[in-house]
Protein chains: 2
Amino acid sequence: DTSGIKVVEIDGRLQSDGTSQLGADNRAGMAVVLDLLADWEQWIDSRRNYIAVFTIAEEIGLFGAGNLDLSEYNVDSVWVFDSSKRPGAYIQVCAGTYLFTATFKGKAAHSAVNPEAGISAIKVAAEAVSNYQIGKIADMTTINIGTIKGGYANNVVAPDCEVKGEIRAISEERVLELLDETERLFRETAQKYGAKLVFESKKDFAPYAHDSDSKIVLRMEKALRDAGLEVTALRYTGGSDANVLNEYGYPAINIGIGAQNPHADDEFILIEDLIASAQIARNLIQNK
Amino acid sequence: DTSGIKVVEIDGRLQSDGTSQLGADNRAGMAVVLDLLADWEQWIDSRRNYIAVFTIAEEIGLFGAGNLDLSEYNVDSVWVFDSSKRPGAYIQVCAGTYLFTATFKGKAAHSAVNPEAGISAIKVAAEAVSNYQIGKIADMTTINIGTIKGGYANNVVAPDCEVKGEIRAISEERVLELLDETERLFRETAQKYGAKLVFESKKDFAPYAHDSDSKIVLRMEKALRDAGLEVTALRYTGGSDANVLNEYGYPAINIGIGAQNPHADDEFILIEDLIASAQIARNLIQNK
């Protein structure tokens, strides 16, 4: 649905009129694939089969890719046109992410009449978060507290406080290790105050890494070079459908198409990047 | 509205069947006043005037009392039948309460792609709350953090976090001093991280204190003694309509009527306490 979006072209850029996102993330990727399908007979290699897939719900949890059943097909490579990096760049190595929900359970009491009978879950959670390191804690390793929510009323010692966050790293083992450390710190803080902790975590998406001499990387780099682009293999912390597909056993790479400032009202894409992306798509299909 | 409440009498107690609150807080107070009005001709002192008032919305902010206009009447004493203490006790000195809302303003950023561009308001708020003393910090002086709420999504460095709380003390000056200290601590923590703080506070209810030899206290204690009760003058941190009325210049006292465990499903009142409260009401009207 593009209704309400006014697209303007300024200095070779496509952008919105500033009152909304452009939605180039990821309509630009769809445009690249649709353009490819529009004249596929001109360039297709009839000795190979191709599948074009438009996945839904990538932003809210990679659900489309997660429910994609490719088991009937002998898929050897998946090209995901969804990175905000400019054409020439591709995500060779991508961090994986786990989400966690830590619920601190204290004890309610009237905060003025008998506060000593209560245990403030907010106070406990605050101390835990205060001692918790977030941000970029190492190369390609990030931790965030996304949300916090606790308490009911000003005059009630808060019986519970929920803290949600995520941990990303290149290695899934490292993520699990950091999750354990998180749980331990939070649990120790809860115990110090006689509070309880319920800690839950789940995988958001797995990491992926392709060797520099792997078949998929060699094909990727040839396609980029053939399009006259400077090749940049990236290590990245942002996820895409490529993470899910790699986890399911289909070698996949997320490709830069240059939809810049995604999710912001000043989102834009250069027309030259759209053209370059279309060329990359053609090259990928034609080489092996 | 008492529909849905099944009142049962067990061992001289009135209580609900355990599936709901009894609502004795404050239907018991209303019962005392209604009982008084039922046979007022028998005991009234015709040389005095009396006003019976049923206030609304006490629980959610003393709004009924706050909007009560008594200016046409020459009110010298107000008796509020609303304390959960047992008959014989009354609130001679009551803390006042201010509410505050502290909103920490950080800076949003993608938590994995460029976390260093963000300032986590949750982290800042957590450190501030962690260093903040809550609970009973001195005699009749309490502080509470009621609620905390911050952040939007797991993968966004939280741009804001709101902390709400209350401060109670016998002296309004002391409450204001503690509010200042709160704001200073929170502001210093925000500044340390380059975050901002919006701090707002407002009076919930004023404190009150009646001297032991004041007319209202002497009348109160005589009424209790005449009812054969052990007199207990209390200092208390819980508010009532009496706080608002004292602030408006009408000497008021909150009186124990024994509606125990208020707001809980095991709330109850002893029938003997209802009878004693009715007697207190008669005595108060008859003595001067």
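Not measured: the values here are computed from a predicted model. (Residues numbered from 1 in each chain as written. Chains lettered and ligands numbered in written order. Predicted model: local features only at pLDDT ≥ 70, side-chain atom pairs only at ≥ 80, totals over all residues. Heavy atoms only, no water.)

**Points about the overall build of chain A**
(1) Moving on: Scanning chain A for helices and strands turns up seven helices and 13 strands.
(2) Moving on: Summarising its shape, the C-alpha atoms of chain A cover approximately 80 × 45 × 35 Å along the three principal directions.
(3) Moving on: Of all 288 residues assigned to chain A, the portion counted as buried reaches 49%.
(4) Moving on: Contacts in chain A between residues at least 24 apart in sequence constitute 76% of all its contacts with a sequence separation of at least 6.
(5) Moving on: Carbon and sulfur atoms make up 48% of the accessible area of chain A, which totals about 13700 Å².
(6) Moving on: Put simply, chain A has 28 plus and 42 minus side-chain charges, and the middle of one group is 4 Å from the middle of the other. (Helix = DSSP H or I, 4+ residues; strand = E, 2+ residues; numbered from the N terminus. Buried < 20%, exposed > 50% of the residue type's maximum accessible area, 1.4 Å probe, protein only. Contact = heavy atoms within 4.5 Å. Areas by Shrake-Rupley, 256 points an atom, 1.4 Å probe, with all protein chains shown as cover. Lys, Arg positive; Asp, Glu negative; His and termini not counted. Charge placed at Lys NZ, Arg CZ, Asp CG, Glu CD.)

**Regarding the sheet that holds strand S13 (residues 268–270) of chain A**
All names here are of chain A.
(1) Moving on: With antiparallel pairing, three strands are arranged side by side in an open sheet as S1-S2-S13. Unpaired on one side and paired on the other, strand S1 (7–10) and S13 mark the two borders of the sheet. Each strand of the sheet is rotated relative to its neighbour by a mean of 25°, with strand direction disregarded.
(2) Moving on: Sheet topology note: the strand S2 (residues 13–16)/S13 ladder contains three bridges and is antiparallel. (Pairing = 2+ DSSP bridges. Axes fitted to C-alpha atoms, helices over the stretch in contact; angles between N-to-C directions.)

**A short note on the sheet that holds strand S13 (residues 268–270) of chain B**
All names here are of chain B.
(1) Moving on: The three strands are arranged S1-S2-S13 in an open sheet whose pairing can be described as antiparallel. The outermost strands of the open sheet, each flanked by one partner alone, are strand S1 (7–10) and S13. Each strand axis lies, on average, 25° off the axis of its neighbour in the sheet, ignoring direction.
(2) Moving on: Pairing analysis gives four bridges linking S1 to strand S2 (residues 13–16), with the strands arranged antiparallel. Of the residues in S2, the one forming a bridge with Glu9 is Leu14.

**A closer look at a nonpolar patch on the surface**
Residue and element names in this part refer to chain A.
(1) Moving on: A grouping of Met30, Leu34, Leu37 and Phe54 is seen on the molecular surface, where their side chains present a nonpolar patch of about 360 Å² in accessible area.
(2) Moving on: Assignment of secondary structure puts Leu37 in helix H1 (residues 24–38).
(3) Moving on: Residue classification places Leu37 among the partly exposed positions, given a relative accessible area of 38%. (Patch = residues over 30% accessible without salt bridge, like charges linked within 9 Å, V, L, I, M, F, W, Y side chains within 5 Å. Salt bridge = Lys/Arg side-chain N within 4 Å of Asp/Glu carboxyl O.)

**Some points on the pattern of salt bridges**
(1) Moving on: Following the criterion strictly, the structure yields 32 salt bridges over all chains and no others.
(2) Moving on: A salt bridge links Arg219 of chain B to Asp76 of chain B; the shortest N-O distance between them is 3.7 Å. Separated by 143 residues along the polypeptide, Arg219 of chain B in helix H5 (residues 215–226) and Asp76 of chain B in the loop between helix H2 (63–66) and strand S3 (78–83) bring together distant segments of the chain.
(3) Moving on: Note that Arg174 of chain B and Glu177 of chain B form a salt bridge whose closest N and O atoms lie 2.6 Å from each other. With Arg174 of chain B and Glu177 of chain B both in helix H4 (residues 172–192) and three residues apart, this pair spans about one turn of that helix.
(4) Moving on: Of the residues examined, Arg174 of chain B reaches a relative accessible area of 30% and is grouped as partly exposed.
(5) Moving on: The class for Glu177 of chain B is partly exposed, based on a relative accessible area of 43%.
(6) Moving on: Within the structure, one salt-bridge network assembled from shared partners comprises Arg48, Asp76, Lys215 and Arg219 of chain A.

**Digging into the interface of chain A and chain B**
(1) Moving on: In this complex, chain A contributes 43 residues to the contact, which on the side of chain B involves 44 residues.
(2) Moving on: Roughly 3000 Å² of surface becomes buried between chain A and chain B when both sides are summed, with 58% attributable to carbon and sulfur atoms.
(3) Moving on: A per-residue breakdown of the area chain A buries against chain B is headed by Lys123, Ile148 and Asn154 of chain A, which together make up 21% of the total.
(4) Moving on: Remark: the boundary between chain A and chain B carries zero salt bridges. (Buried area = accessible area lost by both parts, 1.4 Å probe.)

**Some thoughts on the packing of aromatic side chains**
Residues and elements named next belong to chain A.
(1) Moving on: In total, this model carries ten aromatic pairs over all chains according to the counting rule given.
(2) Moving on: Ring centres 6.3 Å apart and planes at 75° place the aromatic pair Phe100 and Phe186 in the edge-to-face group. You can see Phe100 sitting in strand S5 (residues 96–105) and its partner Phe186 sitting in helix H4 (residues 172–192), a full 86 residues away along the chain.
(3) Moving on: In this structure, Arg13 is placed above the aromatic ring of Phe268, and the distance from its NZ or CZ to the ring centre is 3.7 Å. (Phe/Tyr/Trp six-rings, centres within 6.5 Å; stacked < 30°, edge-to-face > 60°. Lys NZ or Arg CZ within 6 Å of the ring centre and 35° of its normal.)

**Digging into unusual backbone geometry**
(1) Moving on: Of the consecutive residues Asp25 of chain A and Asn26 of chain A, the connecting peptide bond is found in the cis state with omega at 5°.
(2) Moving on: Here Asn26 of chain A lies in helix H1.
(3) Moving on: The phi torsion at Ala57 of chain B lies on the positive side, around 55°, for a residue other than glycine.
(4) Moving on: Tracing the backbone through its elements, the reader meets Ala57 of chain B in the loop between helix H1 (24–38) and H2.
(5) Moving on: Of the residues examined, Ala57 of chain B reaches a relative accessible area of 28% and is grouped as partly exposed.
(6) Moving on: The phi dihedral of His263 of chain B falls on the positive side, at around 75°, and the residue is not glycine.
(7) Moving on: Locating His263 of chain B in the fold gives a position in the loop between strand S12 (252–256) and S13.
(8) Moving on: Judged by relative accessible area, His263 of chain B falls into the partly exposed class, the value being 46%.

**Points about helix H5 (residues 215–226) of chain A**
Residues and elements named next belong to chain A.
(1) Moving on: Counted at 1.5 Å a residue, the expected span for H5 with its twelve residues is 16 Å, and the 16 Å between its end C-alpha atoms agrees.
(2) Moving on: Taken together, the buried positions of H5 are Ile216, Val217, Arg219, Met220, Ala223 and Leu224. One side of H5 carries all its buried residues, which in axial view fall inside an arc of 165°. Those residues of H5 that are exposed and angled more than 90 degrees off the buried face are Lys215 and Arg225.
(3) Moving on: Looking at the buried residues of H5, the elements they touch are strand S3 (78–83), strand S4 (89–94), strand S12 (252–256) and helix H7 (271–286).
(4) Moving on: Looking one or two residues past H5, Gly228 carries a phi angle of roughly 75°, positive in sign. (Expected span 1.5 Å × (residues − 1). Arc of directions from axis to C-beta.)

**Overview of the domain arrangement of chain A**
Residue and element names in this part refer to chain A.
(1) Moving on: Each assigned domain of chain A is listed with its residue range as follows: domain 1 (7–94 + 207–286) and domain 2 (96–205).
(2) Moving on: Between the C-alpha centres of domain 1 and domain 2 the distance comes to 36 Å.
(3) Moving on: At the junction of the two partners, domain 1 supplies eleven residues and domain 2 supplies eleven residues.
(4) Moving on: Overall, the association of domain 1 and domain 2 removes approximately 970 Å² of surface from exposure, summing both partners, and the carbon and sulfur fraction of that is 63%.
(5) Moving on: A salt bridge links Asp139 to Arg235; the shortest N-O distance between them is 3.2 Å.
(6) Moving on: Contributing elements (two or more residues each) for the side of domain 1 that touches domain 2: S4, strand S11 (232–236) and helix H6 (241–247).
(7) Moving on: Along the lines of polarity and charge, the residues of the side of domain 1 that touches domain 2 split into five nonpolar, four polar and two charged. (Domains from an automatic or database assignment. Nonpolar A, V, L, I, M, F, W, Y, C, P; charged D, E, K, R; others polar.)

**Some thoughts on the relation of the copies chain A and chain B**
(1) Moving on: Structural alignment of chain A on chain B gives an RMSD of 0.1 Å, achieved by rotating through 180° and translating 0.2 Å along the axis. The operation mapping one copy onto its partner corresponds to a two-fold rotation axis. (Least-squares fit on C-alpha atoms with pLDDT ≥ 70 in both.)

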